[in-house]
Amino acid sequence: MKRTDSMIILAILFPAAGTRKTIAPVHWEFSAKKIGHFTYEVSATAIIEKPWHIYSQYLDEKNPLQTSIHFMDNPKVILNGKPFEDGILEEKFDEAYMVNLRYYTGKVSFVQKVFTKTKKPVPVSGYVTYLANTAKQHFVTAEEVFEVVLG
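Residues numbered from 1 in each chain as written. Predicted model: local features only at pLDDT ≥ 70, side-chain atom pairs only at ≥ 80, totals over all residues. Heavy atoms only, no water.

(A) Quick peek at the environment of Asn133. In this fold, Asn133 is placed in strand β8 (residues 132–133). Under the relative-accessibility criterion, Asn133 is labelled buried at 3%. Sequence separation between Asn133 and His53 is 80 residues, and the spatial gap between their C-alpha atoms is 5.7 Å. Setting aside anything within four residues of it in sequence, one finds Asn133 in contact with Pro51, Trp52, His53, Tyr55, His138 and Phe139. Among the polar contacts listed, one links the side chain of Asn133 to the side chain of His53, at a separation of 2.7 Å. Among the polar contacts listed, one links the side chain of Asn133 to the side chain of Tyr55, at a separation of 2.9 Å. (Helix = DSSP H or I, 4+ residues; strand = E, 2+ residues; numbered from the N terminus. Buried < 20%, exposed > 50% of the residue type's maximum accessible area, 1.4 Å probe, protein only. Contact = heavy atoms within 4.5 Å. Polar contact = N/O pair within 3.5 Å; in protein donor to acceptor, adjacent residues only side chain to side chain.)

Now the structure itself:
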């Protein structure tokens with residue numbers, strides 16, 4: 001079968017393949033900034049479309065709503081403490097969960113301080129899991145993979 005014939009067949013069988021729109025209310029940007037000798041801040045910044053929001057890492061109870069930052073093991077990198085959040089935190093009592101939920105709208109950065117054991121560039125990789133929702137709509141839990149280079 002010729003290539004053009006197979007392309008036509010694919011177009012007939014899968015007409016929406018390139019046109020299906022997915023809900024993506026959160027866009028992520030990842031970066032690393034040197035703040036001292038062998039010391040960096042790795043940032044995962046969420047840009048959140050209105051009226052969506054994502055949850056803090058630090059909720060009253062462990063549950064699947066919270067945002068989580070995961071770093072892959074690297075013997076040349078040491079994590080210093082837990083990531084801190086840089087954004088305008090909102091809090092609301094949720095009757096369904098019977099807890100205070102803390103969340104961000106607009107923009108938030110999750111920042112992890114790290115130390116390196118070398119002067120050479122070192123890749124740092126990991127992933128962020130989060131759940132975005134609105135008052136009327138829930139987005140399935142999503143995962144964003146990242147890699148930044150220190151140095």
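(B) Representation of the sheet that holds strand β9 (residues 142–150) in the model. Pairing in this open sheet of three strands is antiparallel, and the strands run β4-β7-β9 from one edge to the other. Whereas interior strands pair on both sides, the edge strands pair on one side only; in this sheet they are β4 (68–71) and β9. Pairwise comparison of adjacent strand axes, ignoring direction, gives a mean angle of 25 degrees for this sheet. Pairing between strand β7 (residues 122–130) and β9: nine bridges, direction antiparallel. Bridge pairing in β9 links Tyr130 to Ala142. (Pairing = 2+ DSSP bridges. Axes fitted to C-alpha atoms, helices over the stretch in contact; angles between N-to-C directions.)

(C) Here's a closer look at the packing of aromatic side chains. Scanning the model with the defined rule gives seven aromatic pairs in all. Judged by centre distance (6.1 Å) and plane angle (10 degrees), the ring pair of Trp28 and Phe30 falls under stacked. A relative accessible area of 7% places Trp28 in the buried class. Ring geometry for Trp28 against Tyr130: centres 5.3 Å apart, planes inclined by 55 degrees, an arrangement best described as tilted. Of this pair, Trp28 sits in strand β1 (residues 26–36) while Tyr130 sits in strand β7, and the two are 102 residues apart along the sequence. Taken together, Trp28, Phe30, Phe71, Tyr104, Phe110, Tyr130 and Phe146 form an aromatic cluster joined through their ring pairs. (Phe/Tyr/Trp six-rings, centres within 6.5 Å; stacked < 30°, edge-to-face > 60°.)

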